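Residue-level structure breakdown
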Amino acid sequence: MSSLVIEGGRPLSGTVSISGAKNAALPACIASLLTEEAVILHSVPQLRDISTILYTLGALGKRVVRNDSDVVIASGGCLSEEANAYSVRQMRASFLVLGPLVARLGRAIVPLPGGCAIGARPVDLHLSGLRQLGARLTERGGVVEVVADRLEGAHIDLPFPSVGATEQLVMAACLAKGETRITNAAVEPEVLDLLDLLTAMGAELCVEDRIIRIQGKTELTGAEHTLIPDRMEAGTMLLAGAITGGRVNVSPARPDHLQAFLHTLRKTGATISSGDGSIEIDAEPRPSPIAVETAPYPGFPTDLHPPFAACLTLGTGVSQLTEAVFERRFAYVHSLCRMGAKIVQDGRTLSIQGVDGLRGCEVEAPDIRGGAALVLAGLAASGTTSVTGLLHIDRGHGHLVEKLRALGASVERREASS
Ligand code: UD1
């Protein structure tokens with residue numbers, strides 16, 4: 001079994017470079033389905049999830065050329081209506097091909113998604129929104145078939161500002177007839193980055209508060225777009241500085257995308273400075289306890305809850321962390337407790353009693369962000385921590401070993417011997 005072997009206990013210091021945002025790159029790649037012309041993307045992170053989506057697009061008939069962090073997705077001839085079952089079940093974001101395919105081709109067949117096991121994660125909002133745009137849906141054997149001669153603009157009021165549903169419906173509405181208005185839409189920076197790309201592709205869109213209006217077009221064009229920096233990677237690296245009592249600078253980074261997170265980090269006693277596309281943390285040896293609850297943007301991001309919880313295990317008192325977005329994001333907790341953390345779970349709230357130190361042991365990453373939490377705990381723990389389950393970590397954290405080593409961490413990747 002491949003593992004990350006970490007010798008903990010060293011304060012991290014230095015500058016780490018942040019990749020383009022995974023959660024912006026995935027819908028951006030999928031938006032290429034809306035046009036015959038080439039979509040050129042820059043700052044695409046080198047991650048397993050990106051390989052999965054590019055494979056999915058290739059299997060649908062797109063021609064994909066990837067050169068480091070540059071990706072060109074062009075027409076490869078005939079576009080297929082049917083998405084590859086294996087890749088969609090690997091990763092939930094692949095389900096976003098449904099809206100663009102039905103909008104372009106009038107028919108799409110896509111398996112129900114997989115992805116991290118962090119909650120029920122249904123796709124009811126995606127499906128009911130497509131129905132409101134005039135699509136006819138049938139579901140059989142875990143596969144959805146959607147048909148529409150041409151989608152028609154509608155008012156869609158989302159009961160929850162789902163990131164995926166917003167992206168799905170915006171992309172579909174770009175080629176619908178007439179105006180679509182999505183209220184209670186997600187406005188995460190990654191959603192707004194998608195809107196920027198779609199605008200560059202000729203879509204007519206505007207966003208105000210949580211309302212997105214789209215005037216449908218008969219076709220979109222190609223475009224060139226540079227993705228925003230990954231706020232989750234930036235946050236995780238700042239927390240690596242925090243948990244080791246170090247000083248870490250992340251760049252490029254957008255402090256405006258991380259306001260709630262940085263505000264909470266400051267409350268732990270850390271000194272945060274930002275400017276010129278970078279953020280720096282100068283951490284206290286142990287964080288002060290805090291109370292925080294995750295929420296849709298601009299609230300505290302759910303993806304930074306697990307690494308933040310890892311940091312709070314070494315706090316000087318009792319912290320309360322409530323997960324309000326995904327009901328089952330706690331699979332990493334028992335591993336932290338095995339490392340010496342004192343955490344009690346009551347429903348969606350964790351009470352984290354700070355301890356003097358963590359101790360290394362063998363742990364398994366349960367999902368992308370839970371995996372990051374365990375790596376961070378290993379960086380602070382005494383002795384050796386071995387983290388397995390790298391399939392999860394590789395989905396969302398590219399060049400992790402190199403980046404942590406550049407900050408002075410002792411981390412080694414040991415590949416499974418065949
Ligand atoms: C995206 C991000 C993920 C992040 C999450 C919330 C990508 C690839 N992933 O996931 O990293 O943690 O946003 O910021 O961008 N829900 C429903 N029905 C639906 C859709 C969602 O009930 O049809 C629920 C989900 O179960 C969850 C909540 O809404 O409890 C949020 O989900 P959503 O915002 O859709 O997250 P994703 O787009 O899957």
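All of these numbers come straight from a predicted model, not from anything done at the bench.

Taken together, 19 residues form the shell around the ligand, and within it Arg92, Asp124, Ser162, Asp303 and Val325 come nearest. Within the side chain of Arg92, one N or O atom sits 2.7 Å away from an oxygen atom of the ligand. Between Ser162 and the ligand, the recorded distance is 2.6 Å, taken from a side-chain N or O atom to an oxygen atom. Listing elements by their share of the shell around the ligand, those giving two or more residues are α1 (22–31), α5 (124–132) and α6 (163–173).

The next thing to look at is the side chain of Gln168. Mapped onto the elements of the fold, Gln168 is located in helix α6. Within the structure, Gln168 has its side chain in polar contact with the backbone nitrogen of Gly99 (distance 2.7 Å). Among the polar contacts made by the side chain of Gln168, one reaches the side chain of His126 at a distance of 3.1 Å. Residues contacting Gln168, with those up to four places away along its chain left out, are Phe95, Leu96, Leu98, Gly99, Pro100 and His126.

Attention shifts here to the layout of surface pockets. Reported here for the second largest pocket is a volume of approximately 170 Å³. If you go around the second largest pocket, you meet 14 residues; those closest to its centre are Asp394, His397, Gly398, His399 and Arg413. Those elements that provide at least two residues to the lining of the second largest pocket are α13 (390–396) and α14 (400–406). Of the residues belonging to the lining of the second largest pocket, the class tally is six nonpolar, four polar and four charged. Counting only domains with at least three residues in the lining of the second largest pocket, you end up with domain 1 (3–19 + 229–414) and domain 2 (22–226).

What follows is about the sheet that holds strand β19 (residues 342–346). Reading across from one edge, β17-β18-β20-β19 is the order of the four strands in this open sheet, with mixed pairing throughout. Two strands lie at the open edges of the sheet, namely β17 (291–293) and β19, each paired on one side alone. Going across the sheet, the axis of each strand differs from the next one's by a mean of 15°, ignoring polarity. As paired elements, β17 and strand β18 (residues 318–322) share three bridges and run parallel to each other. Residue Glu293 lies in a different strand from β18, and its bridge partner there is Thr322.

With that out of the way, let us pick up the state of the cysteines. Considering all chains together, one arrives at zero disulfides under this definition. Its sulfur unpaired, Cys337 is 11 Å from the next cysteine sulfur, which belongs to Cys361. Exposure remark for Cys337: the relative accessible area of 28% places this residue in the partly exposed category.

Attention now moves to the nonpolar core. With 73 residues, the main nonpolar core has Leu151, Leu198 and Met201 as its most contacted residues. Per-element accounting of this core gives the leading share, seven residues, to α1. The residues contacting Leu151, other than those within four sequence positions of it, are Val102, Ala103, Leu133, Ala135, Ala172, Ala176 and Lys177. By size, the runner-up hydrophobic cluster in this structure holds 67 residues, among which are Leu238, Ala283, Phe330 and Leu379.

Reading guide: rules and limits
- Residues numbered from 1 in each chain as written.
- Predicted model: local features only at pLDDT ≥ 70, side-chain atom pairs only at ≥ 80, totals over all residues.
- Heavy atoms only, no water.
- Near = heavy atom within 4 Å.
- Polar contact = N/O pair within 3.5 Å; in protein donor to acceptor, adjacent residues only side chain to side chain.
- Helix = DSSP H or I, 4+ residues; strand = E, 2+ residues; numbered from the N terminus.
- Contact = heavy atoms within 4.5 Å.
- 1 Å grid on protein atoms, 1.4 Å probe; cavity = no way out; pocket = protein on both sides within 12 Å on 5 of 7 lines; lining within 4 Å.
- Points joined across faces, edges and corners; volume = space filled by probe spheres on them.
- Nonpolar A, V, L, I, M, F, W, Y, C, P; charged D, E, K, R; others polar.
- Domains from an automatic or database assignment.
- Pairing = 2+ DSSP bridges.
- Axes fitted to C-alpha atoms, helices over the stretch in contact; angles between N-to-C directions.
- Disulfide = S-S within 2.5 Å.
- Buried < 20%, exposed > 50% of the residue type's maximum accessible area, 1.4 Å probe, protein only.
- Core = buried A, V, L, I, M, F, W, Y, C linked by side-chain atoms within 4.5 Å.

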